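Structural description and commentary
The chain contents come next:
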Amino acid sequence: METQTHTPTKAARAASSPRKFTIVLLTIYSVENAGIRYVSAALQRAGFDTYIVFLRDWRHNMLEMPSDKEIQMAIDVIREKKADLVGVGFMSSLYPMAREVTQRIKRAVPGTPIVWGGIHPTSVPEECIGEVDYVCVGEGEMAAIDLCTALRDGGDTTNIPNIWANKNGSIHQNKPRPLIQDLDWLPYPDVEDANKYYIEAGKVTIEEPWKRTAEYRIYFSRGCPYNCSYCYVSILRDVYDEKGKQFYRARSVQHILGELEYMKAHFPKVARVKIDDDTSFAFGNEWMEEFLVEYPKRIGVPFECLLIPPMLREDMLRKLVDVGLIRVQTGIESGSSKESKELHNRSPGNTAIMKFAEFNKDLKLDIVYDVIIDNPHATEEMKLETAEFLLELPLPYSIYFYSLNYFPGTALTKKGLSEGSLDPNLVEGRNTKAWKQFRVSMDWPRSDEDRFYLAIYCLASKSFVPRSFIRKLIDEREHWKKPENVDKVFYLAWAANYVRMFKVAFQYFQRGELTLFKIRQYGNLTKLISQ
């Protein structure tokens, strides 16, 4: 792979004796945020001082505005470090929180420039730039270096690629630079303890909170071969207008293993590696052969990965099982070919998934299927097809249910807005549904029909529920969907879900993966995830 070097702008080359320049990066409800750690590490390598403030950790469907005391704690760090720049990274659902926290920072430290980054500012920079001095659109590592260099040296900050600048109300929009092709240019994520501030439950501690978990998340690549209508990938493809190889890029095996060796030395609780790419191992035979030889020798930690259906190849998976693969997560999303193609812009993967499920009887991998519900455009026929497909799949398996949320800039959202079928107030950023319903919990209000099908989906994945019983419920669905009857099916599924989740918790405990960190994220019984 050809090495890509970072070429600073003219402003970035102007300094002869750089002065100290300090950046405080802040992220909300995102302790496992990899992006902000990459930016921090890149800035450190370029000679800047960085600190990261983690303002609360993710709580499944229980997000709320941080307290005044907690926001003040974050401001105290900014003041204590005499920050020359404050960076705030967040996803679309957290826009109201980010806006409130930013306004508080502005009042507390007037004159300190603030830059927003992350998927929401990337999606709608025109809606964000009025709130702050700068917005970073797209990949942030090189842009952050150029911006900080210009600010430190008194250079021009209005012509930096990827950076929108707000200079006294005058907006300067700059196109993104090309995507980083050589991902080995990236430093390993910044996971040191000394420069981290973790704010939770009204207390602040100096620590790297990620080290509390038993699961280490790593990215082998950036981009995705798919372009699903509901996914952030469709946003980034539009931002960069890049296709194919230029968009989907992989790190080298040696670069990945170097990070994992560092992980082994500094993350004492890790029992599992999660490869968090949108899809993994689509990197060619030479890359794969090197990984198969080196990973068990140098790392040897059990791992899981996400694979798109076309990547569910038996020969590849058998080799990966031999070197530590224990779980595969793949997306069904919908069992309906029509819903997949027309609503999700996704090639139906049912045939590949069924073939995988059959040969997995021998491999015995843990399987997790992703399913999207709460799609207002899904017909009952589509929901029924999903139910039938789930019942055809061999057990055991788990399901990760996701509630459809409309994120700004996705193809699905843009289509709905242009057709007039989507109320703009339902788009995340204005809406905050994902605070309470991202992964599905059964307490969320739904129609009787949707409650019935969610119940069927939940029951389908439970080995202890006879499939003949579930099929009888489907055959008699007109009866069980009625308001006076649906509760019986729904609460049966809810109870079955409790049984499953207690079993999952016990399995996590046996493997040494049930940490207090994980319990805080997902342990509320009312908001228990459906699986």
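Residues numbered from 1 in each chain as written. Predicted model: local features only at pLDDT ≥ 70, side-chain atom pairs only at ≥ 80, totals over all residues. Heavy atoms only, no water.

A few words now on the overall build of the protein. The helix and strand tally for the protein stands at 21 helices and 17 strands. Over its C-alpha trace the protein gives a radius of gyration of 24 Å, about what one expects of a compact globule, namely 24 Å for 531 residues. On the principal axes, the C-alpha backbone points of the protein span a range of 75 × 50 × 45 Å. The buried share of the protein, reckoned over its 531 residues, is 60%. For the protein, long-range pairs separated by at least 24 residues make up 75% of all intrachain contacts whose partners lie at least 6 apart in sequence. A total accessible area of about 22,000 Å² is found for the protein, and carbon and sulfur atoms account for 53% of it. Charged side chains in the protein number 70 positive and 71 negative. The centres of these two groups are separated by 3 Å. (Helix = DSSP H or I, 4+ residues; strand = E, 2+ residues; numbered from the N terminus. Rg over C-alpha atoms; globule rule 2.2 N^0.38 Å. Buried < 20%, exposed > 50% of the residue type's maximum accessible area, 1.4 Å probe, protein only. Contact = heavy atoms within 4.5 Å. Areas by Shrake-Rupley, 256 points an atom, 1.4 Å probe, with all protein chains shown as cover. Lys, Arg positive; Asp, Glu negative; His and termini not counted. Charge placed at Lys NZ, Arg CZ, Asp CG, Glu CD.)

On to the nonpolar core. Grouped together as the largest cluster of nonpolar side chains are 96 residues, with contacts concentrated most on Leu-260, Phe-281, Phe-291, Phe-303, Leu-317, Leu-320 and Leu-393. In this structure Phe-281 touches Phe-220, Ile-275, Trp-287, Met-288, Phe-291, Phe-303, Cys-305, Leu-307, Met-311, Met-316 and Leu-320, once residues within four positions along its chain are discounted. In terms of nonpolar packing, the next biggest core, distinct from the first, is built from 38 residues, Val-86, Val-101, Tyr-197 and Ile-199 among them. (Core = buried A, V, L, I, M, F, W, Y, C linked by side-chain atoms within 4.5 Å.)

The sheet built from six strands is open, its strands ordered β10-β13-β14-β15-β16-β17 with parallel pairing. Edge positions in the open sheet fall to β10 (215-218) and β17 (398-403), since each of these has one partner strand only. Taken over all neighbouring pairs, the strand axes of this sheet differ in orientation by 20° on average, direction set aside. Across four bridges, β10 lies against strand β13 (residues 272-275) in parallel orientation. Looking at the pairing, Glu-215 lines up with Arg-272 of β13. (Pairing = 2+ DSSP bridges. Axes fitted to C-alpha atoms, helices over the stretch in contact; angles between N-to-C directions.)

Below, the discussion takes up the packing of helix α10 (residues 285-298) against helix α11 (residues 314-322). The contact between α10 and α11 brings their axes to 9 Å, and the two run at 25°. By the angle class used here, α10 and α11 are roughly parallel. Viewed along their axes, α10 and α11 form a crossing whose handedness is left-handed. Contacts from Met-288, Glu-289, Phe-291 and Leu-292 in α10 reach Met-316, Lys-319 and Leu-320 in α11. Taken together, the residues of the contact of α10 with α11 sort by class into five nonpolar, no polar and two charged. (Parallel < 35°, antiparallel > 145°, perpendicular 65-115°, else oblique. Left-handed = near helix turned anticlockwise from the far one by under 90°. Nonpolar A, V, L, I, M, F, W, Y, C, P; charged D, E, K, R; others polar.)

This part covers empty space enclosed by the protein. Tallied over the entire structure, the rule returns two cavities of 30 Å³ or more. Of the voids in this model, the largest cavity is the one considered here, and its volume is about 150 Å³. The wall of the largest cavity is formed by 15 residues, among which Ile-372, Ile-373, Asp-374, Lys-383 and Tyr-457 lie closest to the centre. Of all the secondary-structure elements, those providing two or more residues to the lining of the largest cavity are β16 (366-373), α14 (380-392) and α17 (448-460). Residue contributions to the lining of the largest cavity peak at four residues, all from α17. For the lining of the largest cavity, the per-class residue count stands at seven nonpolar, three polar and five charged. Its boundaries defined by the atoms lining it, the second largest cavity holds a volume of some 40 Å³. As for the second largest cavity, its lining consists of Thr-213, Ala-214, Glu-215, Tyr-508, Glu-513 and Lys-518. When grouped by side-chain class, the residues that make up the lining of the second largest cavity number two nonpolar, one polar and three charged. (1 Å grid on protein atoms, 1.4 Å probe; cavity = no way out; pocket = protein on both sides within 12 Å on 5 of 7 lines; lining within 4 Å. Points joined across faces, edges and corners; volume = space filled by probe spheres on them.)

To continue, consider the pairing of strand β2 (residues 49-55). For β2, the buried fraction is high: six of the seven residues fall into the buried class. By the bridge criterion, seven bridges tie strand β1 (residues 22-28) to β2 in an arrangement that is parallel. Bridged to Leu-26 within β2 is Val-53. Note that the unit made of β1, helix α1 (residues 34-45) and β2 has a crossover that is right-handed. Of the pairings in the sheet, the one linking β2 to strand β8 (residues 196-200) comprises four bridges and is parallel in character. Looking at the pairing, Leu-55 lines up with Ile-199 of β8. (Right-handed = clockwise from strand over helix to strand, strands pointing away.)

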